[in-house]
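# A closer look at the structure
So the chains spell out like this:
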Amino acid sequence: MATVLLGSTLSAMSTGLGALLVLFISQSLTHSLRDILLAFTAGVMMSACMLGLIPEALELGGFAPLCIGIYFGVVTLTTLEKRIPHLDLHHHAGATQFDEKARLIITAIMLHNIPEGLSVGVSYASSIEETGNLIALAIGLQNAPEGFLVALFLYNQNISKVKAFIIATLTGSIEIVTAIIGYSLASYVVNLLPFGLAFAAGAMLFIIYKELIPESHGDGNERVATYSFIVGIIVMTLLLDL
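Residues numbered from 1 in each chain as written. Predicted model: local features only at pLDDT ≥ 70, side-chain atom pairs only at ≥ 80, totals over all residues. Heavy atoms only, no water.

## Considerations on the overall build of the chain
On a plain count of helices and strands, the chain comes out with nine helices and zero strands. Counting helices and strands in the order they occur from the N terminus, the chain gives α-α-α-α-α-α-α-α-α. Residue burial in the chain is summarised as follows: out of 242 residues, 47% are buried. Counting only contacts in the chain whose residues sit at least 6 apart along the sequence, the fraction spanning at least 24 positions is 86%. (Helix = DSSP H or I, 4+ residues; strand = E, 2+ residues; numbered from the N terminus. Buried < 20%, exposed > 50% of the residue type's maximum accessible area, 1.4 Å probe, protein only. Contact = heavy atoms within 4.5 Å.)

Written out as structure tokens, the structure reads:
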């Protein structure tokens, strides 16, 4: 349990590490750099799913639990997104008032952090020792630019840099709680682990394709984002092979 707490805390606090950058900037992040970061983290998460979570779920439970777990991961994310108000962080052009906009952004980020925390917790319940650390690393790499973008959004809405940093950091804290829940369920409920690993993969794949890839292609930087996505896959594959 101590390892789960440490890994999930480091992964969650990567949100704050990214948000910390907002204290040192004088202007907004360029669209190109933002898209490169988003695409890179999408590649990292894709590699973690395809080379880590999915093969292990197959080995432990076979094809049926894999399909069921992925299905419920995707359905859960879809249901939560429909039921909890969601606002696109970068491409929303409506005239939403600040209070509502800020609430929606923070809610959406915390929504995404729930399955990410579950993914980390379930992965630490795996019999393969390094799986938990690798998934925590993948989620942490995704959290860092996410935290920066949330803090930057809040700062651009005339919130002080310090307050923007604190709020963005707090959005990641829910991952610690959900990681403990995921670990406990996968550790103590018989035969749940392959379903949990597949669920985590489904949730991550949903985030990759529904959020990260479209966002990285939203400002005309499709080619450089594609290159960054591929680099992310290669980097995570190298880490998995070490």
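## Focus on the UniProt feature "transmembrane region" (unreviewed entry) in the chain
Under the UniProt annotation, the feature "transmembrane region" (unreviewed entry) is placed at residues 6-24, 36-54, 60-80, 164-186, 192-212 and 224-240. End-to-end, the C-alpha atoms of residues 164-186 are 35 Å apart, and along that stretch the chain is 91% helix and 0% strand. End-to-end, the C-alpha atoms of residues 192-212 are 29 Å apart, and along that stretch the chain is 95% helix and 0% strand. (UniProt positions renumbered as here; feature names shortened; annotations may be inferred.)

## Examining the environment of S32
Among the secondary structure elements, S32 is positioned in helix α2 (residues 31-61). When the C-alpha positions of S32 and G220 are compared, they lie 8.5 Å apart, and in sequence the two are 188 residues distant.

## Observations regarding the environment of A144
Position of A144 relative to the elements: it lies in helix α5 (residues 129-156). A sequence separation of 133 residues divides A144 from S11, and the C-alpha atoms of the two residues are 8.9 Å apart. Residues in contact with A144, not counting those within four places in the same chain, are S14, G18 and A19.

## Concerning the packing of aromatic side chains
Across all of its chains, the model carries one aromatic pair by this definition. Taking the centre distance of 5.5 Å and the plane angle of 80° together, the rings of Y71 and F72 count as edge-to-face. Its relative accessible area of 46% is what places F72 among the partly exposed residues. (Phe/Tyr/Trp six-rings, centres within 6.5 Å; stacked < 30°, edge-to-face > 60°.)

## What about the confidence of the model for the chain?
Summary statistics for the chain give a mean pLDDT of 80 and a share of 85% for residues scoring 70 or more. Averaged over each element, pLDDT in the chain is lowest for helix α4 (residues 98-124) (71) and highest for helix α9 (residues 222-241) (89). The low-confidence segment residues 89-98, where pLDDT is below 50, has 17 contacts with residues more than four positions distant or belonging to other chains. (pLDDT = per-residue confidence, 0-100.)

## Details of the side chain of T15
Positionally, T15 belongs in helix α1 (residues 2-20). Assessed through its relative accessible area of 1%, T15 is described here as buried. At 3.1 Å, the side chain of T15 forms a polar contact with the backbone oxygen of A12. (Polar contact = N/O pair within 3.5 Å; in protein donor to acceptor, adjacent residues only side chain to side chain.)

## Focus on a nonpolar patch on the surface
Residues V177, I181, L185 and V189 make up a contiguous nonpolar surface patch of roughly 320 Å² in combined accessible area. Here L185 is to be found in helix α7 (residues 174-188). Note on L185: relative accessible area 42%, which makes it partly exposed. (Patch = residues over 30% accessible without salt bridge, like charges linked within 9 Å, V, L, I, M, F, W, Y side chains within 5 Å. Areas by Shrake-Rupley, 256 points an atom, 1.4 Å probe, with all protein chains shown as cover. Salt bridge = Lys/Arg side-chain N within 4 Å of Asp/Glu carboxyl O.)

## Some thoughts on the nonpolar core
Counting 51 residues, the largest nonpolar core has M45, L53 and M204 as its most contacted members. At 12 residues, α5 tops the list of elements feeding residues into this core. Excluding residues that lie within four positions of it along the chain, L53 makes contacts with A48, S123, I135, L197, A200, A201 and M204. (Core = buried A, V, L, I, M, F, W, Y, C linked by side-chain atoms within 4.5 Å.)

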